[in-house]
Amino acid sequence: GDSLSFVILPDSGYLIDSVLIDDSFDGTDSVCAFTAVTESHTVRVVFIQYVYSYDVPSVWNLLSVPQVVPDNDIHALFPQATSAVFAFSGTGYVTTDTIDHRFGYWVKFLPETVISISGAGINIDTIPVRPRWNLIGSVNIPLPVSQVVQDPPGNSMTEFFGYDDGYFIADT
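Because the structure is a prediction, the values reported are computed rather than measured.

Describing the overall build of the protein
Looking only at helices and strands, the protein has one helix and 15 strands in total. Rg of the C-alpha trace for the protein: 21 Å, well past the compact-globule value of 16 Å for 172 residues, more than 25% over. A burial count over the protein gives 24% of its 172 residues as buried. Nonlocal contacts in the protein, meaning residues at least 24 apart in sequence, comprise 65% of its contacts between residues at least 6 apart. As displayed, the protein has an accessible area near 11,400 Å², and 53% of this comes from carbon and sulfur atoms. Taken together, the 5 basic and 20 acidic charged side chains of the protein have centroids lying 17 Å from each other.

This is the structure:
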């Protein structure tokens, strides 16, 4: 009949996604309390990554931010950038002060660095596209191009390209 409390402390860069007691969802609170315990219970905690780190070389980088971030200002996301941030407008490149996770951007870093960005990862998304060329963002896990779904179906779709010191046809 004792009472017990547990404090759940996620590692740095992680958040509590869910707490399950005896396989039943019990919320996302970091304190788990039992009163008048007379039998064994199972506590299971699911964590999600919240801070992601990215290695960026000392050159122009084609980037997206596959996360829901608390501040989408370029200075908050890319404080080490040594250039303006460029987005593709449909007719050419324009500078931007904010990032939308659905799109890709050109950013230059000197020297090579690691950027750490806080925000919940995006696992699935719908990205609007224009006819012709688009710089699209990505989800936070590798996704084979074969799993990209068109909505509505029937549009023509060319290859997807990546950039690593030159364009290449991407398969993820």
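A few points about the packing of aromatic side chains
Throughout the structure, instances matching the rule amount to nine aromatic pairs. Here Trp-133 and Tyr-167 contribute two aromatic rings whose centre-to-centre distance is 6.1 Å and whose plane-to-plane angle is 85°, an arrangement assigned as edge-to-face. You can see Trp-133 sitting in the loop between strand 13 (120–121) and strand 14 (160–163) and its partner Tyr-167 sitting in strand 15 (residues 167–170), a full 34 residues away along the chain. Judged by relative accessible area, which is 35%, Trp-133 ranks as partly exposed. An aromatic cluster of three or more residues is present, and its members are Trp-106, Trp-133, Phe-161, Tyr-163 and Tyr-167.

Regarding the nonpolar core
Formed by 14 residues in total, the largest nonpolar core has its most connected members in Phe-78, Val-85, Ile-99, Val-107 and Phe-109. Elements represented by at least two residues in this core include exactly helix 1 (74–77), strand 9 (85–88), strand 11 (105–108) and strand 12 (113–118). Apart from the residues within four sequence positions on either side, Phe-109 is in contact with Val-56, Pro-57, Ser-58, Val-59, Asn-61, Leu-63, Phe-78, Gln-80, Ala-81, Thr-82 and Ile-115. Ile-16, Val-19, Cys-32 and Val-37 belong to the second largest nonpolar core, which has seven residues in total.

Here's the deal with the pairing of strand 2 (residues 14–21)
A regular strand carries its side chains on alternate faces of the sheet. Across seven bridges, the pairing between strand 2 and strand 5 (residues 43–49) is antiparallel. If you follow Val-19 over to strand 5, its bridge partner there is Val-45. For strand 2 and strand 3 (residues 24–25), the ladder comprises two bridges, and the chain directions are antiparallel. Bridging from a neighbouring strand, Leu-20 pairs with Phe-25 of strand 3.

Section: the side chain of Thr-96
Assignment of secondary structure puts Thr-96 in strand 10 (residues 93–96). The class of Thr-96 is buried, set by a relative accessible area of 18%. From its side chain, Thr-96 meets the backbone oxygen of Thr-98 in a polar contact 2.9 Å long. Those residues in contact with Thr-96 that lie beyond four places of it in its chain are Ile-74, Val-85, Ala-87 and Tyr-105.

So, unusual backbone geometry
The omega angle of the peptide bond from Leu-110 to Pro-111 is -5°, so this bond is cis rather than trans. Cis geometry marks the peptide bond from Asp-151 to Pro-152; its omega dihedral reads 5°. With respect to the helices and strands, the residue Pro-152 is situated in the loop between strand 13 and strand 14. The residue Asp-23 is not glycine, and still its phi comes out positive at about 65°.

Thresholds applied
Residues numbered from 1 in each chain as written. Predicted model: local features only at pLDDT ≥ 70, side-chain atom pairs only at ≥ 80, totals over all residues. Heavy atoms only, no water. Helix = DSSP H or I, 4+ residues; strand = E, 2+ residues; numbered from the N terminus. Rg over C-alpha atoms; globule rule 2.2 N^0.38 Å. Buried < 20%, exposed > 50% of the residue type's maximum accessible area, 1.4 Å probe, protein only. Contact = heavy atoms within 4.5 Å. Areas by Shrake-Rupley, 256 points an atom, 1.4 Å probe, with all protein chains shown as cover. Lys, Arg positive; Asp, Glu negative; His and termini not counted. Charge placed at Lys NZ, Arg CZ, Asp CG, Glu CD. Phe/Tyr/Trp six-rings, centres within 6.5 Å; stacked < 30°, edge-to-face > 60°. Core = buried A, V, L, I, M, F, W, Y, C linked by side-chain atoms within 4.5 Å. Pairing = 2+ DSSP bridges. Polar contact = N/O pair within 3.5 Å; in protein donor to acceptor, adjacent residues only side chain to side chain.

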